[in-house]
Amino acid sequence: MKKQLCLFLALGLLCLSGCSPHYPDRAADGTAWDKDWTLLGSALGVEAPGDGLTLLDNNSILTGDDLYYAAWTVGEPTSYTNEDGKEVDLYPAQLYLLLCGCADGSYARQTMEDWLAREEETYTILETRTETHNDQEYTVLIYECDSETNPYSRGASAFAVCGNYAVSAEFTCQEGYDQPVTEVLSRFLDGCHYSAELEE
């Protein structure tokens, strides 16, 4: 998973810096903006999710002024030695959300397609489908994690373009996790709202 995230961040270097974060007045789906939502940049707000997901980290800025990352976890961590030989916390399930602001919509779409291609190379894809949540369309991949270096067994990821932003949400879990990953991801996406300003 760490390797996958690093690949996303490397691709994110294609994205250019944008404006300073602020709270929008409303979401593109017509919902009044709630300041209690987890904010990524000034573009994406996430309602507190259910399904036992707890916010672990929210990095406002990563490699540039318009690249954002947040992570949620499920359950209690155990110690795990990753492929780099480092001791890390391993959770029964985890969700990563990445938001990348790009020069324009076509650049954002290319970034999303690069992410999709990388995901298809990394996992065994079982199904690809299109879903819509709060008027935002996503390409969803359902897969198995069959790498010997990945402690997670299966997952589902969603990719989208909204305005000049590319979005990736990746939910993966260990073998013993008993909830349907597609349903958990779907409910999480129901709580994602994009700024109405992105449509202007």
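Note that the coordinates shown come from a computational prediction; the quantities given were computed from them, not determined experimentally.

Attention now moves to the overall build of the protein chain. Each helix and strand counted, the protein chain has three helices and 12 strands in total. Within the protein chain, buried positions represent 46% of all 200 residues. Of all intrachain contacts in the protein chain linking residues separated by at least 6 positions in sequence, the fraction that spans at least 24 positions is 56%. Total accessible area computed for the protein chain in this model is approximately 9400 Å², and 46% of it derives from carbon and sulfur atoms.

Pairing of strand β5 (residues 78-81) with strand β6 (residues 87-90), which is carried by four bridges, proceeds in the antiparallel orientation. Paired with Thr78 across the two strands is Leu90, which belongs to β6. Linking β5 back to β6 in an antiparallel pair, the connection comprises five residues, with Gly85 at a positive phi of about 80°.

The next thing to look at is the sheet that holds strand β8 (residues 124-133). Backbone hydrogen bonds are what pair the strands of a sheet, in a parallel or an antiparallel way. Strand order in the open sheet made by the seven strands is β3-β4-β7-β11-β10-β9-β8, with antiparallel pairing throughout. With partners counted over all chains shown, the strands left at the sheet margins are β3 (53-59) and β8, one partner each. Neighbour to neighbour, the strand axes of the sheet diverge by 15° on average, direction disregarded. Sheet topology note: the strand β4 (residues 67-74)/strand β7 (residues 93-101) ladder contains eight bridges and is antiparallel. From the neighbouring strand, Ala70 faces β7, where its bridge partner is Leu97. Here helix α2 (residues 105-122) sits on the sheet in contact with β7, β8, β9 (136-144), β10 (154-162) and β11 (165-173), set at roughly 170° to β10. In this fold helix α3 (residues 181-190) packs onto β3, β4, β7, β8, β9, β10 and β11, with an angle of close to 30° to the strand it touches most, β10.

Within the chain, Asp51 stands out as a residue other than glycine whose phi angle is a positive 60°. By secondary structure assignment, the location of Asp51 is in the loop between β2 (44-46) and β3. One non-glycine residue, Asn134, lies in the positive phi region at around 50°. If you trace the backbone, Asn134 turns up in the loop between β8 and β9. By relative accessible area, which is 29% here, Asn134 ends up partly exposed.

Turning our eyes to something else, we now look at the packing of aromatic side chains. All told, the structure shown has five aromatic pairs when counted by the stated rule. Ring centres 4.1 Å apart and planes at 5° place the aromatic pair Tyr123 and Tyr143 in the stacked group. Of this pair, Tyr123 sits in the loop between α2 and β8 while Tyr143 sits in strand β9, and the two are 20 residues apart along the sequence. Classification of Tyr143 by relative accessible area gives buried; the value is 1%.

A few words now on the sheet that holds strand β1 (residues 38-40). The sheet built from three strands is open, its strands ordered β1-β2-β12 with antiparallel pairing. Each of the sheet's edge strands pairs with one partner strand only, and the pair in question is β1 and β12 (192-194). Neighbour-to-neighbour, the strand axes of this sheet turn through a mean angle of 20°, independent of strand direction. Pairing geometry for β1 and β2, over three bridges, is antiparallel. From the neighbouring strand, Thr38 faces β2, where its bridge partner is Val46.

Here we come to the environment of Asp104. You can see Asp104 is positioned in the loop between β7 and α2. Spatially, the C-alpha atoms of Asp104 and Tyr165 are 8.0 Å apart, while their sequence positions differ by 61 residues. Of note is the side chain of Asp104, whose polar atom sits 2.8 Å from the side chain of Ser106.

Calculation rules
- Residues numbered from 1 in each chain as written.
- Predicted model: local features only at pLDDT ≥ 70, side-chain atom pairs only at ≥ 80, totals over all residues.
- Heavy atoms only, no water.
- Helix = DSSP H or I, 4+ residues; strand = E, 2+ residues; numbered from the N terminus.
- Buried < 20%, exposed > 50% of the residue type's maximum accessible area, 1.4 Å probe, protein only.
- Contact = heavy atoms within 4.5 Å.
- Areas by Shrake-Rupley, 256 points an atom, 1.4 Å probe, with all protein chains shown as cover.
- Pairing = 2+ DSSP bridges.
- Axes fitted to C-alpha atoms, helices over the stretch in contact; angles between N-to-C directions.
- Phe/Tyr/Trp six-rings, centres within 6.5 Å; stacked < 30°, edge-to-face > 60°.
- Polar contact = N/O pair within 3.5 Å; in protein donor to acceptor, adjacent residues only side chain to side chain.

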